Amino acid sequence: MEKPIVHVVSLSGGKDSTAMLLRMIEEGWPIDHIIFCDTGLEFDGMYHHIDKLEAYIGRPITRLKSQLSFEYYLLEYTPQRKKQELMDKVGLSWAGPRKRWCTAVLKTRIIDRYIADLSKGHQVIQYIGIAADEPLRVREKRYPLVEWGMTEADCLAYCKERGFDWDGLYDIFHRVSCWCCPLQSLEELRKLRKHFPEKWEQLRAWDRQTWRTFLKNYSVDQLETRFAFEDERLAQGLPIKGRAFFDALKERLKESES
C-alpha cells in the first residue's frame with residue numbers, strides 16, 4: 001500500500017526560507033508541517049521573527065531543539081578521540097570548515113530524526129529554502145526558490161514588502177545565523193562586537209574555556225585587541241590595511257599578551 005504524502009517546509013527563519021514559505025502559502029502549495037530548529041544560538045530578533053511569522057500565516061510552526069546545549073557540546077561533551085594529540089582535550093571546542101559539528105548535532109540530526117519519524121507512515125516531500133543564486137547542497141529535496149528563480153536579494157525584498165524586518169538584523173549582517181559561528185567573516189564579527197556587545201563578551205568567555213582558538217589565527221581576545229586597535233587607527237585617520245598596519249598590529253598583540 002502506497003504511503004500518503006506529507007509536505008514539510010524546513011524553516012531556518014532567515015530571508016530565503018521565509019520568502020519560500022510565504023510564497024508557497026500565497027500560491028496555495030500543500031503544506032502539512034512547518035519546522036524550525038532552534039539551535040539556542042539565534043539572535044533575539046530571529047525568535048521575534050518566528051513568532052511574528054506564525055501569527056501572520058495563521059498556522060503553527062513546530063519548534064525543534066536539541067536536549068543538550070551548544071555550551072555543553074563545546075566545553076564538556078568529549079567523544080572517544082582517535083588522534084593522540086587530542087586525548088586530553090575536553091569538549092568538542094570550536095567547529096571548523098571541515099567539521100561543522102554544531103550544525104550536525106544542533107540542527108541536521110534533529111531535523112533528520114523528525115523527518116525519519118514522519119517517514120515511517122508517510123512519503124515525505126521536504127522543501128528547502130535555498131535561493132537560485134546559491135549552490136545546491138542536497139539534490140533529492142525540492143527547492144522552490146530555485147524553481148522560481150528567486151535570488152537572495154529577491155527573497156529579502158519579498159519579505160520586507162510583507163512587513164518582516166527581523167528587528168533590523170539584515171540591516172547589520174549579510175547573513176543571519178548562529179551569532180557565535182567561527183566561520184563568519186571578520187567584518188561580520190566586527191559588527192557583532194559593535195552591535196551586540198553582550199554576545200561578544202559571551203564569545204570571549206567561551207573561547208577562554210576551550211582548547212581550540214576561535215579562528216585559526218586569532219583567539220576572541222586577540223580579535224578584541226585587533227578591533228580595538230583598528231578603532232584607534234580609524235579615529236586617527238590611519239589605514240587598517242597594508243604592511244604598516246599589520247606590523248603595528250603584531251606589536252600591539254605582543255603587548256596585550258605580555
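Residues numbered from 1 in each chain as written. Predicted model: local features only at pLDDT ≥ 70, side-chain atom pairs only at ≥ 80, totals over all residues. Heavy atoms only, no water.

*Asks:* I would appreciate a short explanation of the nonpolar core in the present structure.
*Replies:* For soluble globular proteins, nonpolar side chains are generally found buried alongside one another. In this structure, Phe 70, Trp 101, Leu 189, Leu 192, Leu 203 and Trp 206 are the most contacted members of the largest nonpolar core, which totals 62 residues. Among the elements that make up this core, the one with the highest residue count is helix H1 (residues 15–26) (five residues). Core analysis: the second largest hydrophobic core is formed by ten residues, Val 8, Leu 64, Ile 111 and Leu 118 among them. (Core = buried A, V, L, I, M, F, W, Y, C linked by side-chain atoms within 4.5 Å. Buried < 20%, exposed > 50% of the residue type's maximum accessible area, 1.4 Å probe, protein only. Helix = DSSP H or I, 4+ residues; strand = E, 2+ residues; numbered from the N terminus.)

*Asks:* How should I be thinking about the layout of surface pockets in this particular structure?
*Replies:* The probe, sized like a water molecule, is rolled over the atoms to show the empty space still left. Here the second largest pocket defines a volume of roughly 740 Å³. What lines the second largest pocket is a set of 27 residues, among which Leu 86, Leu 92, Lys 99, Trp 211 and Arg 212 lie closest to the centre. (1 Å grid on protein atoms, 1.4 Å probe; cavity = no way out; pocket = protein on both sides within 12 Å on 5 of 7 lines; lining within 4 Å. Points joined across faces, edges and corners; volume = space filled by probe spheres on them.)

*Asks:* Which parts of the structure should I look at to understand the pattern of salt bridges?
*Replies:* Two side chains that carry opposite charge are able to pair once their charged atoms sit near each other. The tally for this structure, following the rule as stated, stands at 25 salt bridges. Two residues, Arg 63 and Glu 54, come together in a salt bridge whose shortest N-O distance is 3.3 Å. In this structure Arg 63 comes out as partly exposed when scored by relative accessible area, which is 38%. On the basis of relative accessibility, which here comes to 23%, the residue Glu 54 falls in the partly exposed class. (Salt bridge = Lys/Arg side-chain N within 4 Å of Asp/Glu carboxyl O.)

*Asks:* Any chance you could explain a negative patch on the surface here in plain terms?
*Replies:* A surface patch of like charges, here negative, comprises Asp 44, Asp 165, Asp 167 and Glu 198. Mapped onto the fold, Glu 198 is located in helix H9 (residues 197–209). (Patch = residues over 30% accessible without salt bridge, like charges linked within 9 Å, V, L, I, M, F, W, Y side chains within 5 Å. Areas by Shrake-Rupley, 256 points an atom, 1.4 Å probe, with all protein chains shown as cover. Lys, Arg positive; Asp, Glu negative; His and termini not counted. Charge placed at Lys NZ, Arg CZ, Asp CG, Glu CD.)

*Asks:* Is there a simple way to think about the environment of Leu 86 in this case?
*Replies:* Relative to the elements of secondary structure, Leu 86 occurs in the loop between helix H3 (70–75) and helix H4 (101–119). In this structure, the C-alpha to C-alpha distance between Leu 86 and Leu 145, residues 59 residues apart in sequence, is 42 Å. With near-sequence residues (within four places) excluded, Leu 86 lies in contact with Arg 81 and Trp 211. (Contact = heavy atoms within 4.5 Å.)

*Asks:* So what exactly am I meant to see when it comes to the sheet that holds strand S2 (residues 33–38) here?
*Replies:* Two modes of strand pairing occur in sheets, parallel and antiparallel, and in both the strands are linked by backbone hydrogen bonds. Taken together, the four strands give an open sheet; going across it, the order is S3-S2-S1-S4, and neighbouring strands pair in parallel fashion. Where the open sheet ends on each side, the last strands, each with one partner, are strand S3 (62–65) and strand S4 (123–128). Across this sheet, the average inter-strand angle for adjacent strands is 30 degrees, counted without regard to direction. With six bridges joining them, strand S1 (residues 5–10) and S4 adopt parallel strand pairing. Bridge assignment links Val 6 to a residue of S4, and that residue is Val 124. Across the sheet, helix H2 (residues 44–57) touches S2 and S3, and the angle it forms with S2 is around 170 degrees. Relative to S2, H4 is tilted by about 150 degrees, and along the sheet it contacts S1, S2, S3 and S4. (Pairing = 2+ DSSP bridges. Axes fitted to C-alpha atoms, helices over the stretch in contact; angles between N-to-C directions.)

*Asks:* So what exactly am I meant to see when it comes to the packing of aromatic side chains here?
*Replies:* The relation between two aromatic rings is expressed through the spacing of the ring centres and the mutual angle of the planes. According to the stated counting rule, one finds 19 aromatic pairs in the structure shown. Taken together, a centroid distance of 5.6 Å and an interplanar angle of 15 degrees make the contact between Trp 179 and Trp 206 stacked. A residue pair is termed long-range when its members are at least 10 positions apart, and Trp 179 in the loop between helix H7 (169–172) and helix H8 (186–195) and Trp 206 in helix H9 qualify at 27 residues. The class of Trp 179 is buried, set by a relative accessible area of 6%. Among the aromatic side chains, those forming a connected cluster through ring pairs are Phe 70, Tyr 72, Tyr 73, Tyr 77, Trp 94, Trp 101, Trp 179, Trp 206 and Phe 214. We note Arg 162 situated over the ring of Tyr 158; from NZ or CZ to the ring centre the distance is 3.6 Å. (Phe/Tyr/Trp six-rings, centres within 6.5 Å; stacked < 30°, edge-to-face > 60°. Lys NZ or Arg CZ within 6 Å of the ring centre and 35° of its normal.)

*Asks:* Any chance you could explain the side chain of Glu 224 here in plain terms?
*Replies:* Mapped onto the elements of the fold, Glu 224 is located in helix H10 (residues 220–235). What makes Glu 224 buried here is its relative accessible area of 17%. Once residues within four sequence positions are removed from consideration, Glu 224 is found in contact with Arg 193, Trp 200 and Arg 204.

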